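Results of the structural survey
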Amino acid sequence: MSSERPDMRISDAERERVVAQLNDAVAEGRLTLSEFEERVDGVLRSRTFAEIEPYVGDLPVRTPATAPDLLPIRNRSSSLKRQGRWTVPRRIAITTRSGAVKLDFTEAVFLQHEVQIDIESRSSSIDLVLPAGASADVDQIDNHASSVKTKVPAVYDAAGQGVVFRINGELRSSSVRVRYQRRFWWWRW
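Residues numbered from 1 in each chain as written. Predicted model: local features only at pLDDT ≥ 70, side-chain atom pairs only at ≥ 80, totals over all residues. Heavy atoms only, no water.

1. Points about the pattern of salt bridges
- As enumerated under the stated definition, the model contains 12 salt bridges in all.
- Here arginine 39 ties to aspartate 58 by a salt bridge, and the two come within 2.9 Å at their closest N and O atoms. With arginine 39 in helix 2 (residues 33–45) and aspartate 58 in the loop between helix 3 (49–56) and strand 1 (70–76), this residue pair connects regions lying 19 residues apart in the sequence.
- Close ionic contact of arginine 91 with aspartate 118 constitutes a salt bridge, the shortest N to O distance being 2.8 Å. Taken as a pair, arginine 91 in strand 4 (residues 91–97) and aspartate 118 in strand 7 (residues 114–122) lie far apart in primary sequence, 27 residues in all.
- Residue classification places aspartate 118 among the buried residues on the basis of a relative accessible area of 15%. (Salt bridge = Lys/Arg side-chain N within 4 Å of Asp/Glu carboxyl O. Helix = DSSP H or I, 4+ residues; strand = E, 2+ residues; numbered from the N terminus. Buried < 20%, exposed > 50% of the residue type's maximum accessible area, 1.4 Å probe, protein only.)

In structure tokens form, the structure reads like this:
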């Protein structure tokens, strides 16, 4: 665990990451259970980055995987659905012909505060389910015999709230629906 200032105090979240790193080391066979217990006890008592270093200094450091900058989605005469936990890139390009695309962002991981979605759609439907608190800008969509329905606040109405979705592109005989997740008792859709 490295920091520019070893005397800087460590947060609870950073302590939890170190414990997770130790847990991975046990699972890989790098530490015994007694070593693990001893190190976790020391990590939980540590107050600065310098105090943490002896407990993880001999373990390999993993660099987290990064999401690509652009996620291209191509769909022809098909139904495509993305839901659950997934990392959202800065930009998504949706190209669809005679198909249906549903992107559910409710459990997604966002690495940035703003997501740009570029749409090129012909005779298709696109359903975007945003996380709670998100806002969307759909004013840059060019409609030709199409419909755009949004049930989330516009970016200029909910400034500074959650993730901002900037949606633009061209629709021909298509529909775009931007909404939050619907709930009824334990059902979600």
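2. Considerations on the environment of serine 11
- Structurally, the position occupied by serine 11 is in the segment before helix 1 (12–27).
- Spatially, the C-alpha atom of serine 11 lies 8.2 Å from that of arginine 47, the residues being 36 residues apart in sequence.

3. What about the sheet that holds strand 9 (residues 135–144)?
- Read across the sheet, 5 strands follow the order 1-4-7-11-9 without closing on themselves; strand pairing throughout is parallel. Pairing within the sheet leaves two strands with one partner each, and these edge strands are strand 1 and strand 9. With direction set aside, neighbouring strand axes in the sheet form an average angle of 10°.
- Of the strand pairs in this sheet, strand 7 and strand 11 (residues 164–172) are connected by 9 bridges, and their pairing is parallel. Bridge pairing in strand 11 places glutamate 114 opposite valine 164. (Pairing = 2+ DSSP bridges. Axes fitted to C-alpha atoms, helices over the stretch in contact; angles between N-to-C directions.)

4. Examining the sheet that holds strand 8 (residues 125–130)
- Taken together, the 5 strands give an open sheet; going across it, the order is 2-5-8-12-10, and neighbouring strands pair in parallel fashion. Two strands close off the open sheet at either side, each with one partner strand: strand 2 (79–82) and strand 10 (147–150). Strand-to-strand twist of the sheet, defined as the mean angle between neighbouring strand axes without regard to direction, takes the value 5°.
- Relative to strand 5 (residues 100–104), strand 2 runs parallel, the two being bridged by 4 bridges. Across the sheet, leucine 80 pairs through a bridge with valine 101, a residue of strand 5.

5. Brief notes about the confidence of the model for the chain
- Summary statistics for the chain give a mean pLDDT of 88 and a share of 92% for residues scoring 70 or more.
- When the elements of the chain are averaged for pLDDT, strand 14 (residues 187–188) gives the smallest value, 70, and strand 4 the largest, 97. (pLDDT = per-residue confidence, 0-100.)

6. Concerning the side chain of asparagine 75
- Locating asparagine 75 in the fold gives a position in strand 1.
- One polar contact links the side chain of asparagine 75 to the main-chain carbonyl oxygen of alanine 100, over a distance of 3.3 Å. (Polar contact = N/O pair within 3.5 Å; in protein donor to acceptor, adjacent residues only side chain to side chain.)

7. With respect to the packing of aromatic side chains
- In this structure the tally under the stated criterion is 4 aromatic pairs.
- Plain terms: the ring middles of phenylalanine 110 and phenylalanine 165 are 5.9 Å apart, the flat faces sit at 90° to each other, and that makes the pair edge-to-face. Taken together, the residues span a long stretch of sequence, with phenylalanine 110 in strand 6 (residues 109–110) and phenylalanine 165 in strand 11 at a distance of 55 residues.
- Three or more aromatic residues joined by ring pairs make a cluster, and in this case those are Trp86, Phe105, Phe110 and Phe165. (Phe/Tyr/Trp six-rings, centres within 6.5 Å; stacked < 30°, edge-to-face > 60°.)

8. Observations concerning helix 2
- Here helix 2 contains 13 residues, and its C-alpha end-to-end distance of 18 Å stays within 8% of the 18 Å for a straight helix at 1.5 Å per residue.
- Of all the residues in helix 2, the buried ones are Phe36, Arg39, Val40, Gly42 and Val43. What you see down the axis of helix 2 is that its buried residues fit within an arc of 165°, all on one side. Exposed and oriented more than 90 degrees from the buried face of helix 2 are Ser34, Glu37, Glu38, Leu44 and Arg45.
- At its buried positions, helix 2 is contacted by helix 1 and helix 3. (Expected span 1.5 Å × (residues − 1). Arc of directions from axis to C-beta. Contact = heavy atoms within 4.5 Å.)

9. Structural notes on the nonpolar core
- Among the nonpolar cores identified, the biggest contains 27 residues, and Ile92, Phe105, Ile117, Phe165 and Ile167 are the most heavily contacted of them.
- Secondary structure elements with two or more residues in this core: strand 1, strand 4, strand 5, strand 7, strand 8, strand 9, strand 11 and strand 12 (175–180).
- Setting aside chain neighbours within four positions, we find phenylalanine 165 in contact with Phe105, Phe110, Val115, Ile117, Leu130, Pro131, Ala134, Ser135, Ala136, Asp137 and Val155.
- Core analysis: the next-biggest nonpolar cluster, separate from the first, contains 13 residues, Leu22, Val40, Val43 and Ile52 among them. (Core = buried A, V, L, I, M, F, W, Y, C linked by side-chain atoms within 4.5 Å.)

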